[in-house]
Amino acid sequence: MQNAEADLVWDKAPCRFCGTGCSVLVGVQDNKIMAVKGDPKSSVNQGTLCVKGYSLPFIQYGEDRLTKPLVRMKSGGYHKRGELTETSWDEAMDLVARKAQEAIRAQGPTSVAMFGSGQWTIWEGYAASKLWKGGLRSNSLEVNARHCMASAVAGFMTTFGMDEPMGTYDDFDHADAFVLWGANTAEMHPILHSKMTNRLLSKHDARLFNLTTISNRSSEVAAREIIFKPQSDLAIANGITNLLIQRGSVDESFVQKHVVFKKGKEKIGYGLEDKSAFKEQAEEIPFDDFKERVARYTPEHVEEISGVSVTDLEMLADVYGDPDVKVMSFWTMGVNQHTRGTWMNNLIYNLHLLTGKISQPGNQPYSLTGQPSACGTCREVGTFTHRLPADMVVSNAQHREQAESIWNLPAGTIPDKPTYHAVEMMRALDRGDVRVFWSMTSNPFQDYPNLNRYRKGALKDGRLIVVSDVYPTRSTEVADVVLPSAMWVEKEGSFGNAERRTHFWRRMVDAPGESKSDLWQIIEFAKRMGYGDLFAYSASVYPIQVGRKISDASATAGFYMEKALWEEYRRFGVGHGHDLAAFDVYHETRGLRWPVVNGRETLIRYKEGDDPYVERGRGYQFYGNKKQDDRAIVWFRPYEAPPEVPDASYPFWLCTGRVLEHWHSGTMTRRVNSLYKAYPHATVNVHPDDATKLGLADGDRARITSRRGHVELHVQVGGRVTPQRGMVYVPWFDEDVMINNVTLDAFCPISKQNDYKKCAVKIERIMGGETL
């Protein structure tokens, strides 16, 4: 084995899967990935990987890998009802450009839309943003991170005025208590879960509390699993806040110096109507007003709403309220995929701000990330319809002016209004307001909620659907143009993870056939649209590297494209808390956590002595909120019911999610033999008591039906994910079980992130082709 390893050429890269950002050592021989192992020099994963990480050598080598462009053709030319046919890159790209130009002439630039991904490299996302907003003059750019992290972004921005966590993974080693709010870290973030487990084993009085609607593997190390009714986390957080105030557990000195109280608009809707809009009505309130508003959330009232006992609520208040207990709160999709997702983010921050347990080692509220560069590419680059790099937004004139200056564009080039967030973009496609829809590194026609509507919309005449991907998917199935993409170490890349760590890697192997990187595709499209000058940089300033595999984008351009884009991009963040290091520095490290000032990364933000942006003598300074005198905002956010609840016709809740073995829509992991055999198909998990009432047993076939559609699949009674009574759970990785035909496209009106965790369904046993 040692001799075999010695024959390989090893280099480092971040993992291709979740947002943890594990560092992987990749062993290459004869232009092929032969092995991977955890990087022992990385503080993120310290030489370990999860089961998906160890599968990385196999994800690129599926037998059905896309290697040539495909265009839907009939009688020798493009036809919406034709068959996908192999063609040349020139013919495919010329068609996309021609249809885009036709759409712009007919309906304006907003009719051409790009749907990208938290799996894009940073410079791929940056190039897309520059082209759409600075070239096409369209804000019709969105990413699949809208589905996973938009509520986290909105929560950070409304509370702190700046995005992303204040702490890092170093905090795990200092915490006394971990509170999971809708985060099954054991399966979704196993490396981070192992850090928690290590702390629990090494500190005898450390504890973990798992607040969840489903019993899951994270509870195996929990001091207490607390099951609550869907949507009632709003009441639970307010109930803890009320107890903290009533008991005198508020850190009055911290609050007086660093906090302001506000209330916002209530009864804000659920985004179910096309073109729905939201406008906040924020108002500053005194602490006594806030205290009075949360006082209604007595332990007894919270128990009535949530099912959480008075004892459990008081226990959580003990944890947050004890000044000697350092607390880390974690959340992912259970909080973010929520029709009040922004509110829930605000409420968790309230617990830490009121107790002063924030921006200290081991005292951190921590939003975890689901994709390898949802932070780096989507949030930091700003690849949403309303954003620009470094927390800037298109609606702010000064932000637009700065972007136009960096991009060397005439004043007024960048449109001042967002167009379509992710769900509305697909609705616009169905209506015909969007005519060209290009998906990159995503699978929207499996991933979107209320999917039947949007798949039908894609098939309507007058729409051109372009999909850039590595394998056939449910999205290539409806596409008019399919473009074969390079993936992971077939290209040069950069990701940003959930601790603000930016991590680079070099190209290590060639992409198969005629596959091209997304960056190359974006720039080639730009040229055909007349915006090639946006990506013209100096070959003398950015010469191509010698002795390394160069990227397709750099080879075509004749200069080091990735470095040129990076050095331009990092100009956005310098001087206001988003500083990034020079390009070459990252290749010498296992990543750096921004802001990087004078070569030093920042481990804790907003705290004097740790954050270079905190002024001397301030102690703590939430400098994203300049208008609030650098204070964080504690929001009053009430409990409000979800838009759809079980009734006599649809008596069960449906919750969707993921499993350990598979990632997102399964495009990569289902092609790894070991992962496929471990979990070949999605099942519906049912509580044993509900199974008895329905006459269901393991292995039975069942039909799940909502007001929007149905799926058929096998039953698993209990299991490692056991839903509460009255709920069923279905993972969404399986393209043969299109569970999003069933889900509801309701979203948080502030963040525009969809709620995949709550809708009403019925479940019926299938016997002999008929339901019983």
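Residues numbered from 1 in each chain as written. Predicted model: local features only at pLDDT ≥ 70, side-chain atom pairs only at ≥ 80, totals over all residues. Heavy atoms only, no water.

Visitor: Even after reading the chapter, I still don't get the nonpolar core, so can you show me in this structure?
Guide: Soluble globular proteins tend to bury their nonpolar side chains together. Residues Trp 438, Phe 525 and Phe 535 are the most contacted members of the largest nonpolar core, which totals 76 residues. Setting aside residues up to four positions removed in sequence, Trp 438 forms contacts with Met 93, Val 96, Ala 113, Met 114, Phe 115, Trp 132, Val 466, Ser 468, Leu 483, Gln 521 and Phe 525. In this structure, Phe 290, Tyr 349, Ile 358 and Tyr 620 belong to the second largest nonpolar core, which totals 61 residues. (Core = buried A, V, L, I, M, F, W, Y, C linked by side-chain atoms within 4.5 Å. Buried < 20%, exposed > 50% of the residue type's maximum accessible area, 1.4 Å probe, protein only. Contact = heavy atoms within 4.5 Å.)

Visitor: What am I meant to see in the pattern of salt bridges here?
Guide: If the charged atoms of two oppositely charged side chains come close together, the side chains can form a pair. If you walk through the whole model with that rule in mind, you get 62 salt bridges. Among the salt bridges present, the one from Arg 293 reaches Asp 289, with a minimum N-O distance of 2.6 Å. Residue Arg 293 and its partner Asp 289 are located together in helix α9 (residues 287-294), separated by four residues, close to a single helical turn. Judged by relative accessible area, which is 22%, Asp 289 ranks as partly exposed. (Salt bridge = Lys/Arg side-chain N within 4 Å of Asp/Glu carboxyl O. Helix = DSSP H or I, 4+ residues; strand = E, 2+ residues; numbered from the N terminus.)

Visitor: Would you explain unusual backbone geometry in this entry?
Guide: Glycine aside, a negative phi is what most residues show, and trans is what most peptide bonds show. In this structure, the amide linkage connecting Trp 594 to the following residue, Pro 595, adopts the cis form with an omega of 0°. Positioned with a positive phi, Gln 231 is a non-glycine residue whose angle comes to about 80°. Relative to the helices and strands, Gln 231 is located in the loop between β12 (224-227) and α7 (233-246). Classification of Gln 231 as buried rests on a relative accessible area of 1%. Its identity as a non-glycine residue notwithstanding, Ser 359 has a phi of 55°, on the positive side. Inspection of the secondary structure puts Ser 359 in the loop between α13 (341-355) and β16 (364-367).

Visitor: What is the right way to look at the sheet that holds strand β2 (residues 23-29) in this model?
Guide: Spatial strand order, β1-β2-β3: three strands in an open sheet with antiparallel pairing. Edge positions in the open sheet fall to β1 (9-14) and β3 (32-38), since each of these has one partner strand only. Each neighbouring strand pair of the sheet contributes to a mean axis angle of 30°, computed without reference to strand direction. Where β1 and β2 come together, six bridges link them in antiparallel fashion. Looking at β2, one finds that Ala 13 is bridged to Val 24. (Pairing = 2+ DSSP bridges. Axes fitted to C-alpha atoms, helices over the stretch in contact; angles between N-to-C directions.)

Visitor: I'm lost on the pairing of strand β25 (residues 683-686) in this one. Help?
Guide: A regular strand carries its side chains on alternate faces of the sheet. Burial along β25 is two-sided: Thr 683 and Asn 685 facing one way and Val 684 and Val 686 facing the other are all buried. Pairing analysis gives four bridges linking β25 to strand β27 (residues 710-717), with the strands arranged parallel. Bridge pairing in β27 places Val 686 opposite Val 717. Bridge count between β25 and strand β29 (residues 727-731): two bridges; the pairing is antiparallel. Bridged to Asn 685 within β29 is Tyr 729.

Visitor: Quick question: what am I supposed to make of the packing of aromatic side chains here?
Guide: What describes a pair of aromatic rings is the distance from one ring centre to the other and the angle between the planes of the rings. Evaluation of the coordinates by the stated rule reveals 44 aromatic pairs. Relative to Phe 622, the ring of Phe 160 has its centre 5.6 Å away and its plane inclined at 40°; by these criteria the two rings are tilted. Of this pair, Phe 160 sits in helix α4 (residues 150-160) while Phe 622 sits in the loop between β22 (592-593) and β23 (632-636); the two residues are 462 residues apart in sequence, bridging distant segments of the chain. With respect to class, Phe 160 is no different from Phe 622; both count as buried. Note on Phe 254 and Phe 622: the rings are 6.5 Å apart at their centroids and 80° apart in plane angle, and the pair reads as edge-to-face. With Phe 254 in helix α8 (residues 252-258) and Phe 622 in the loop between β22 and β23, the pair connects residues that are 368 residues apart, well separated along the chain. (Phe/Tyr/Trp six-rings, centres within 6.5 Å; stacked < 30°, edge-to-face > 60°.)

Visitor: Any chance you could explain the side chain of Ser 515 here in plain terms?
Guide: Relative to the assigned elements, Ser 515 resides in the loop between β21 (501-505) and α19 (518-528). Classification of Ser 515 by relative accessible area gives buried; the value is 7%. Within the structure, the side chain of Ser 515 is placed 3.2 Å from the backbone oxygen of Leu 66, a separation counted as a polar contact. Reaching out from Ser 515, the side chain makes a polar contact with the backbone oxygen of Pro 512 at a distance of 2.9 Å. Once residues lying within four places of it in the same chain are set aside, the contact partners of Ser 515 are Leu 66, Thr 67, Pro 484, Ser 485 and Ala 486. (Polar contact = N/O pair within 3.5 Å; in protein donor to acceptor, adjacent residues only side chain to side chain.)

Visitor: Even after reading the chapter, I still don't get the sheet that holds strand β20 (residues 493-496), so can you show me in this structure?
Guide: The strands making up a sheet associate through hydrogen bonds between their backbones, and the pairing can be parallel or antiparallel. Taken together, three strands build an open sheet; the order of strands is β20-β21-β22 and the sheet is antiparallel. Only two strands of the sheet have a single neighbouring strand rather than two, namely β20 and β22. Alignment of β21 against β22, held across two bridges, turns out to be antiparallel. Bridged to Thr 502 within β22 is Leu 592. Most of the contacts of helix α3 (residues 122-136) go to β20, to which it runs at about 90°, and overall it touches β20 and β21.

Visitor: It is not clear to me how helix α2 (residues 89-107) should be interpreted in this structure. Could you clarify?
Guide: An α-helical turn contains 3.6 residues, so a residue and the one three or four places further along point in the same direction. Helix length check: α2, at 19 residues, gives a terminal C-alpha distance of 27 Å against a target of 27 Å (1.5 Å per residue), a fit within 8%. Here α2 has its buried residues at Trp 89, Ala 92, Met 93, Leu 95, Val 96, Ala 97, Ala 100 and Ala 103. Gly 108 sits one or two residues past α2 and shows a positive phi near 90°. (Expected span 1.5 Å × (residues − 1).)

Visitor: Help me out: how do you make sense of the environment of Ala 632 in this one?
Guide: Mapped onto the elements of the fold, Ala 632 is located in strand β23. Overall, the relative accessible area of 0% leaves Ala 632 in the buried class. If near-sequence neighbours (up to four positions away) are discounted, Ala 632 is found in contact with Thr 159, Phe 160, His 258, Val 259, Val 260, Leu 353, Phe 622 and Asn 625.

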